[in-house]
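Single-letter residue listing:
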Amino acid sequence: MKIFESSSIGKMKIKNRLIRSATFEGMCDENGFPKEEYHNHYSKLAKNDVGLLITGFSYCSKEGAAIQPGQAGIDSDDKIPYYKKITDSVHGYNSKIAMQIAHTGRQTRSSATGNDVLGVSNKKSFYFGEKPKVLTTEKIYSIVNEFVDAAVRAKKSGFDAVQIHAAHGYLIHQFILPSINNRKDEFGIDKEYGIGIKFLGIIIDQIIDKCGDFPILVKVSASDDYRNKFSKEQFISLIRFLDSKKVDGIEISYGTMDQALNIFRGSSIPYNTILDFDPVYKKRNTILRKVWKFFAKAFLSKEIIQFSPMYNINFAELAKRYTTVPVITVGGFRSKKEIELVLSKKQADFVSLCRPFLAEPDFAIKIKENEEYRSRCINCNVCAIKTGTYKITSCINANL
Ligand SMILES: Cc1cc2nc3c(=O)[nH]c(=O)nc-3n(C[C@H](O)[C@H](O)[C@H](O)COP(=O)(O)O)c2cc1C
């Protein structure tokens, strides 16, 4: 397999094997409508030869919105014409675009959604800190409908596929994880699979039912940082389940927002950036900053996994043993050599990248022209921490 050979995911033909992984944009208005910046962002990436663009997570209902300002929504039909302009522009450059759809569940705050924080169980997220209101069975079915309606809207908006966000601790992931899902109803842990698959399963079935031949990608976390860790066996169960559902692509990521720095890794912990910008931890008072840093250094330094190139590849390789569905690996790809290596060894079918495309929207062109090219991204993670501010997502080292 080669980077710049054409390929396909389901019926979606893609001009190469490079994917822009979902990246929160912060480029929408307070009602979730995409602004001009969102249009320009995707047009620029498409113009610069990225085969498939996956949007940042878009809420399927306001109740499931994130705390980051400027999030995209796909919760109402009046948004369709706005997205249609964007997908038309991307198609004009012969790229494909998938919309990532999500519900935050317990990983939000009531001040952001204007509603109770909703949860699979009453266990609260360490980071977000609000005790969730436990979803009734009836309410779960209504959220299933929200996901399905969101996918229908994405299709009507001209997106080539939908990516269901089942990773990073958001609602679907909360159902999957035995460490969170203690439900006794039909949405609890499945006896055969040993994980909570019913919620995701119904969403997939109903999207297929309503959208027909419309590719479905699913993003999952292979493991997490909880004491009761998601095990290798449970991850294999999840892959076997997705294989049985015949989804069109599986993207393999890691972790939850409780330890977000392990999703996108760095070489050091950016304590000052966190204290300056993180919506939960930010502090102005000098003494409080010192106290926080003291405890964070003691605690975080043990919990945080350092950046290493291609850091989720072993999970992708493992997934490939249990499915014939195309596997997408994400996390820590910074050069053409790394991408070529995993494709040539067939450790994954596609490679997706997030931060390198923030640093350089023309990264794909650069590696096409120069075998030795390395991304300017230095994994400082300022881009990620600043998503909690009212600024659009950007890179401080960007070469635009
Ligand atoms: C600024 C920023 C925003 C992100 N937004 C999303 C998102 O909306 N949905 C998602 O699934 N992952 C999101 N991620 C995670 C990335 O898709 C990706 O999994 C992770 O950054 C590792 O890839 P990389 O090393 O190429 O950056 C985000 C990461 C960053 C740094």
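Values in this document were obtained by computation on a predicted structure and should not be read as measured data.

1. Overview of the overall build of the protein chain
In step 1: Helix and strand counts for the protein chain stand at 14 helices and 13 strands.
In step 2: Here the protein chain has a C-alpha radius of gyration of 20 Å; the compact-globule value for 400 residues is 21 Å, and the two agree.
In step 3: Summarising its shape, the C-alpha atoms of the protein chain cover approximately 50 × 50 × 45 Å along the three principal directions.
In step 4: A burial count over the protein chain gives 49% of its 400 residues as buried.
In step 5: Partitioning the intrachain contacts of the protein chain with sequence separation of at least 6 by distance along the chain shows that 71% fall at a separation of at least 24.

2. What to know about the pairing of strand β12 (residues 327-330)
In step 1: Residues Val 327 and Thr 329 point to one face of β12 and Ile 328 and Val 330 to the other, with burial holding for every one of them.
In step 2: Bridging between strand β11 (residues 249-253) and β12 involves three bridges; their strand directions are parallel. Of the residues in β12, the one forming a bridge with Glu 251 is Ile 328.
In step 3: Summarising the sheet, β12 and strand β13 (residues 350-353) pair through three bridges and their orientation is parallel. Opposite Val 330, over in β13, you have Ser 352 as the bridge partner.
In step 4: Since β12 and β13 lie parallel, the crossover through helix α11 (residues 336-344) that links them has a hand, and here it is right-handed.

3. What about helix α1 (residues 36-47)?
In step 1: In a regular helix each residue adds 1.5 Å, so twelve residues correspond to 16 Å; α1 covers 16 Å between its end C-alpha atoms and thus fits that length.
In step 2: Where α1 is concerned, the buried positions are Tyr 38, His 41, Tyr 42, Ser 43, Leu 45 and Ala 46.
In step 3: In this structure, the buried residues of α1 make contact with β3 (18-23), β4 (52-55), α2 (80-92), β6 (96-102) and α12 (355-359).
In step 4: Asp 49 occupies a position one or two residues after α1 and carries a positive phi of about 75 degrees.

4. Let's talk about the nonpolar core
In step 1: In this structure, Ile 101, Val 162, Ile 250, Ile 252 and Val 351 are the most contacted members of the largest nonpolar core, which totals 111 residues.
In step 2: Counting residues per element, this core draws most heavily on helix α4 (residues 137-156), which supplies eight residues.
In step 3: Sequence-distant contacts of Ile 101, defined by excluding residues within four places in its chain, comprise Ser 58, Cys 60, Ile 74, Phe 147, Ala 150, Ala 151, Ala 154, Val 162, Ile 164 and His 165.

5. As for helix α6 (residues 198-211)
In step 1: Its 14 residues place the ends of α6 20 Å apart at the C-alpha level, agreeing with the 20 Å of an ideal helix rising 1.5 Å per residue.
In step 2: Those residues of α6 that fall on the buried side of the exposure criterion are Phe 199, Leu 200, Ile 203, Ile 204 and Ile 207. All buried residues of α6 project into a common sector of 130 degrees when viewed along the axis, lining one side.

6. Re the domain arrangement of the protein chain
In step 1: Each assigned domain of the protein chain is listed here: domain 1 (7-263 + 307-388) and domain 2 (270-303).
In step 2: A C-alpha centroid distance of 28 Å is found between domain 1 and domain 2.
In step 3: Listed per partner, the contact involves ten residues of domain 1 and eight residues of domain 2.

Quick notes on the rules
Residues numbered from 1 in each chain as written. Predicted model: local features only at pLDDT ≥ 70, side-chain atom pairs only at ≥ 80, totals over all residues. Helix = DSSP H or I, 4+ residues; strand = E, 2+ residues; numbered from the N terminus. Rg over C-alpha atoms; globule rule 2.2 N^0.38 Å. Buried ≥ 20, exposed ≤ 12 C-beta atoms within 10 Å, placed from the backbone. Contact = placed C-beta atoms within 7 Å. Pairing = 2+ DSSP bridges. Right-handed = clockwise from strand over helix to strand, strands pointing away. Expected span 1.5 Å × (residues − 1). Core = buried A, V, L, I, M, F, W, Y, C linked by C-beta atoms within 7 Å. Arc of directions from axis to C-beta. Domains from an automatic or database assignment.

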